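Each chain, letter by letter, is given below.
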Amino acid sequence: IKEVVVEDGITSLDLSVFSGCVNLSDIQLAARVIHIDSGYEEIPWFENQPDGMVYIDHIAYKWKGDIPEQGEIKIKEGTKIINSDLFSLRLRMPDDDNKYLSLILPDTVTTINDNAFSNCFWLREVSIPKSVIAIGENAFDTYTYKENSLYIRCYKNSAAQQYANQNNYAYG
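Quantities reported herein were computed from a predicted structural model and do not represent experimental measurements.

All right, on to the confidence of the model for the protein then. The predicted coordinates should not be examined in detail at positions where pLDDT is low. On average, residues of the protein score 82 in pLDDT, and 85% of them reach the 70 mark or higher. Predicted confidence in the protein is weakest over strand S4 (residues 35-37), with a mean pLDDT of 74, and strongest over strand S12 (residues 134-135), with 96.

Okay, structure coming up:
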């Protein structure tokens, strides 16, 4: 198998079904796919992707390689969904309080799935556009490290402001 096309009617995808597809080079998703099981980075397709954010069509699927400890990560224009566990197990506890990472989402993003940025300890600021209408549970949960140290840039009366209020994050 060299190419996979996921047709309309499918809303979730488990990439483990492609674990033996060593020639897989392209995955195309129907617009209604909103979640990809992110526990299977060992499939050859993922291993062949360059380091950085890996995208599958309209979904920011998973970060590959080392995550910068300072600076800015911009999600590319056209991205609609931020997948669950985007940075899972890619970050370690910070050893320096001066490390700072900010995240900018384009105004094409509509959904941030559960745990998308959980354990992203250096994430100090995120800009969430008003196009985001759904933010999953624990999307920005950093557990015990510097509780509530995240600042959410958002619009008044938006899903992001509601999320910030419910989770005691500073916002504006």
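Before going further, it helps to examine the sheet that holds S12. If you walk across this open sheet you meet the five strands as S5-S6-S8-S10-S12, and the pairing is mixed. Looking at which strands have only one partner, the edges of the open sheet turn out to be strand S5 (52-56) and S12. Sheet topology places S5 next to strand S6 (residues 59-64); five bridges connect them, and they run antiparallel. If you follow methionine 53 over to S6, its bridge partner there is tryptophan 63.

This part is about the pairing of strand S11 (residues 123-127). In terms of burial, S11 is largely enclosed, as four of its five residues are buried. Taken together, the four bridges between strand S9 (residues 101-104) and S11 define a ladder with parallel strand orientation. Bridge pairing in S11 places serine 102 opposite glutamate 125. Two elements, S11 and strand S13 (residues 151-153), share three bridges in a ladder whose sense is parallel. In the sheet register, valine 126 faces S13, and the bridge partner there is isoleucine 152.

About the thresholds
- Residues numbered from 1 in each chain as written.
- Predicted model: local features only at pLDDT ≥ 70, side-chain atom pairs only at ≥ 80, totals over all residues.
- Heavy atoms only, no water.
- pLDDT = per-residue confidence, 0-100.
- Helix = DSSP H or I, 4+ residues; strand = E, 2+ residues; numbered from the N terminus.
- Pairing = 2+ DSSP bridges.
- Buried < 20%, exposed > 50% of the residue type's maximum accessible area, 1.4 Å probe, protein only.

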